[in-house]
Amino acid sequence: MKQKFVLIAALAVGLLAALLSHAWLNAKKGEVDAMKEKILRTQRVVSVLGVATSLPQGTVIKREDLVSLKVFESSTTSDNISLEDNLSVIGRRLTHSVDRGNPLLWTYLEGGREQSRQLSEEILPGMRAVSIPVSGAAAVAGHVNPNDHVDVLGMFALPESGNDENAQLVTMTVLQNVTVLATGSDTARSMASSRSRAGYSTVTLLVTPREAEILVFAQQMKGRLFLTLRNARDVYTESELPRVDFQKIEGELQALNEARQKRTKSPRAVRP
């Protein structure tokens, strides 16, 4: 009888100990969950580029090697690579090995940070970069960005018969469908890595050598250059764009307005 009582007591003590242990573990789990929730409330989670599998030194990175990783923003540095820069990473060679699930860093890549490349590396063979002074309304109120496509217009005071006193004010399209390389000191790469954007008073364009000569000459004439912004998919260029002066405006104003009315009424744009 005594042994039976001892056995029952031992079982009761064991059960009590198990219940107390379970309660203590639940309490600790609650504390841990509360701490995690507090950390998550105070720490912003961001996505960075990581590797899906362990990659040895010398590996040329492919798209399938990359993965998105969630990390605390406070743990990141300027060396981390954002998801938006994934295309700049593909085809680059690793100078360090990277274990699976770890972030990929700019310092692990041959050549380092992509935006540290010079603007000259963005210029296609046979092309040139030239800057023109435009800002404010002349740059579409600052809405022109790197990689945009623009037309360059010029407003000049052209002398008649070599007499500057009888100069005639004319507007003409100088170049059509030109790619913008930079606005001020901002390029597409520098803007992708920066949250702020500076104002600009110059725009750098990608042109041929002959076009560069025309733009440089146009800057020295009495007048101003203006940009008109195009849709990137619009590659249409006008074959004949005459000079515009007061007589031209006076003679074609009615026809231009009639063509605009037809265009706004039609479901598809109709070119005049």
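Before reading further, recall that the structure is shown in the block above.
What counts, and at which threshold
Residues numbered from 1 in each chain as written. Predicted model: local features only at pLDDT ≥ 70, side-chain atom pairs only at ≥ 80, totals over all residues. Heavy atoms only, no water. Helix = DSSP H or I, 4+ residues; strand = E, 2+ residues; numbered from the N terminus. Contact = heavy atoms within 4.5 Å. Salt bridge = Lys/Arg side-chain N within 4 Å of Asp/Glu carboxyl O. Buried < 20%, exposed > 50% of the residue type's maximum accessible area, 1.4 Å probe, protein only. Expected span 1.5 Å × (residues − 1). Arc of directions from axis to C-beta. Core = buried A, V, L, I, M, F, W, Y, C linked by side-chain atoms within 4.5 Å.

Another aspect to go through is the environment of threonine 187. Its location among the elements puts threonine 187 in strand S6 (residues 186-187). As a C-alpha pair, threonine 187 and glutamate 122 span 65 residues in sequence and 9.8 Å in three-dimensional space. Aside from chain neighbours lying at most four places away, what touches threonine 187 is Leu119, Pro146, Leu181 and Ala182.

Here the structure, examined in full by the defined rule, presents three salt bridges. A salt bridge links arginine 230 to aspartate 151, with the shortest nitrogen-to-oxygen separation between them at 2.8 Å. Residue arginine 230 is found in strand S8 (residues 223-230), and its partner aspartate 151 is found in strand S4 (residues 149-160); the two are separated by 79 residues along the sequence. The burial state of arginine 230 is the same as that of aspartate 151; both residues are buried. Bridged by salt links that share partners, the residues Asp151, Arg230 and Asp234 form one connected network.

Right, let's get into helix H4 (residues 209-220). Here H4 spans 17 Å end to end across 12 residues, near enough to the 16 Å set by a 1.5 Å rise per residue. Among the residues of H4, those classed as buried are Ala212, Leu215 and Ala218. Down the axis, H4 shows its buried residues gathered within 125° of arc, on one side only. Turned more than 90 degrees away from the buried face of H4, the exposed residues are Arg210, Glu213, Phe217 and Gln220.

What follows is about the nonpolar core. In this structure, Ile132, Val134, Val152, Leu205, Val207, Leu215 and Leu227 are the most contacted members of the largest nonpolar core, which totals 24 residues. Mapped onto this core, the elements with two or more residues apiece are strand S3 (128-133), S4, strand S5 (163-183), strand S7 (202-207), H4 and S8. Not counting chain neighbours up to four residues away, the residues in contact with valine 152 comprise Ile132, Met172, Thr173, Val174, Leu175, Leu205, Leu215, Leu225, Phe226 and Leu227. One finds Leu49, Val51, Leu55 and Leu66 within the second-largest nonpolar core, a separate group that totals 12 residues.

Any link to function would need more than the numbers given here.
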